[in-house]
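Structural overview for review
The primary structure of each chain is shown beneath.
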Amino acid sequence: QVQLVESGGGLVQAGGSLRLSCAASGRTDGTYAMAWFRQVPGKEREYVAHVSRTGISTFYADSVKGRFTVSRDNANYTMYLQMNSLKPEDTAVYYCAATYRIYVSRDPSDFASWGQGTQVTVSS
C-alpha cells in the first residue's frame, strides 16, 4: 500500500488561492490513480478531483471545475491541488487518496489508501 501525507491547508479569504500537496511513500511505483476528497462535519466525504496514473487525464466535480487544478509529479511522488477563487463553501478537511483500480469512480469506498487530511478554511 502507498502511504499519503497532505500539506498546504490553512486560512484564506474568499477569492484567494491555496495549493495542497499530497506526498506518497511506500509503494511508489505510480500504478495508482490519485484523488482529492473533502469533508465537513456531519456530511459525507465529497469527491473533488482525480488524476490518472500518468497524470495525463484529470477529472473534476462540477462544484470546483474551472477553479481547481489537480496534477501529479510522479518523479517526486507528489500530487497537487491548486485552488483558486476560493469560496466559503470550499471550507472542509481535504483528503488525498489512491486506488489501484483500473476504472476509477468517485466513490470513496473505491480508494484503499488515505492521508490524514488538511484543513482548508475560507473566510467571507
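Here, the structure is the one placed above.
Bear in mind that the values here come from a model prediction, so they are computed numbers and not experimental data.

Moving on, we get to the pattern of salt bridges. Throughout the structure, instances matching the rule amount to five salt bridges. Linking D62 and K65 is a salt bridge whose minimum nitrogen-to-oxygen distance equals 3.3 Å. Between R67 and D90 there is a salt bridge, and its shortest N-O distance comes to 2.7 Å. Taken together, the positions of R67 in the loop between β6 (58-60) and β7 (68-73) and D90 in the loop between β8 (78-83) and β9 (92-99) put the pair 23 residues apart, joining distant regions of the chain. With a relative accessible area of 1%, D90 lands in the buried category. Shared partners join several salt bridges into a network, and the residues in it are R38, E46, R67 and D90.

This part takes up the state of the cysteines. Taken as a whole and judged by the stated rule, the model has one disulfide. A sulfur-sulfur separation of 2.1 Å characterises the disulfide bridge that pairs C22 with C96. The chirality of the disulfide connecting C22 with C96 is right-handed, given an S-S dihedral of about 60 degrees. Taken as a pair, C22 in strand β3 (residues 18-26) and C96 in strand β9 lie far apart in primary sequence, 74 residues in all. Relative accessible area serves as the criterion here: at 0%, C22 is assigned to the buried category.

So, on to the nonpolar core. In terms of nonpolar packing, the biggest core is built from 33 residues, with W36, L81, M83 and Y94 touching the most fellow members. Elements that contribute at least two residues to this core include exactly β1 (2-7), β3, β4 (33-39), β5 (46-51), β7, β8, β9 and β11 (118-123). Discounting chain neighbours no more than four positions away, the residues touching Y94 are E6, L20, W36, F37, R38, V48, F68, L81, M83, G117, T118 and V120.

Our focus in this paragraph is the sheet that holds β7. Pairing within the open sheet is antiparallel, and its four strands lie in the order β1-β3-β8-β7. A strand with exactly one partner marks an edge of an open sheet, and here the two such strands are β1 and β7. Ignoring strand direction, the axes of neighbouring strands in this sheet form an average angle of 15 degrees. Where β7 lies against β8, six bridges are found, and the strand directions are antiparallel. Directly across from F68, in β8, lies its bridge partner M83.

All right, on to the packing of aromatic side chains then. The full count for this structure, using the stated rule, is six aromatic pairs. An angle of 75 degrees between the planes, with centres 5.2 Å apart, marks the rings of F37 and F111 as edge-to-face. Here F37, found in strand β4, pairs with F111, found in the loop between β9 and β10 (113-114); they are 74 residues apart in sequence, far enough to count as distant. Take F37 and F111: they sit in the same class, and that class is buried. In textbook terms, an aromatic cluster arises when at least three aromatic residues are bridged by ring pairs, as seen for F37, Y47, Y95, F111 and W114.

Cut-off values and rules
Residues numbered from 1 in each chain as written. Predicted model: local features only at pLDDT ≥ 70, side-chain atom pairs only at ≥ 80, totals over all residues. Heavy atoms only, no water. Salt bridge = Lys/Arg side-chain N within 4 Å of Asp/Glu carboxyl O. Helix = DSSP H or I, 4+ residues; strand = E, 2+ residues; numbered from the N terminus. Buried < 20%, exposed > 50% of the residue type's maximum accessible area, 1.4 Å probe, protein only. Disulfide = S-S within 2.5 Å. Core = buried A, V, L, I, M, F, W, Y, C linked by side-chain atoms within 4.5 Å. Contact = heavy atoms within 4.5 Å. Pairing = 2+ DSSP bridges. Axes fitted to C-alpha atoms, helices over the stretch in contact; angles between N-to-C directions. Phe/Tyr/Trp six-rings, centres within 6.5 Å; stacked < 30°, edge-to-face > 60°.

As far as function goes, none of this settles anything; it's purely spatial.
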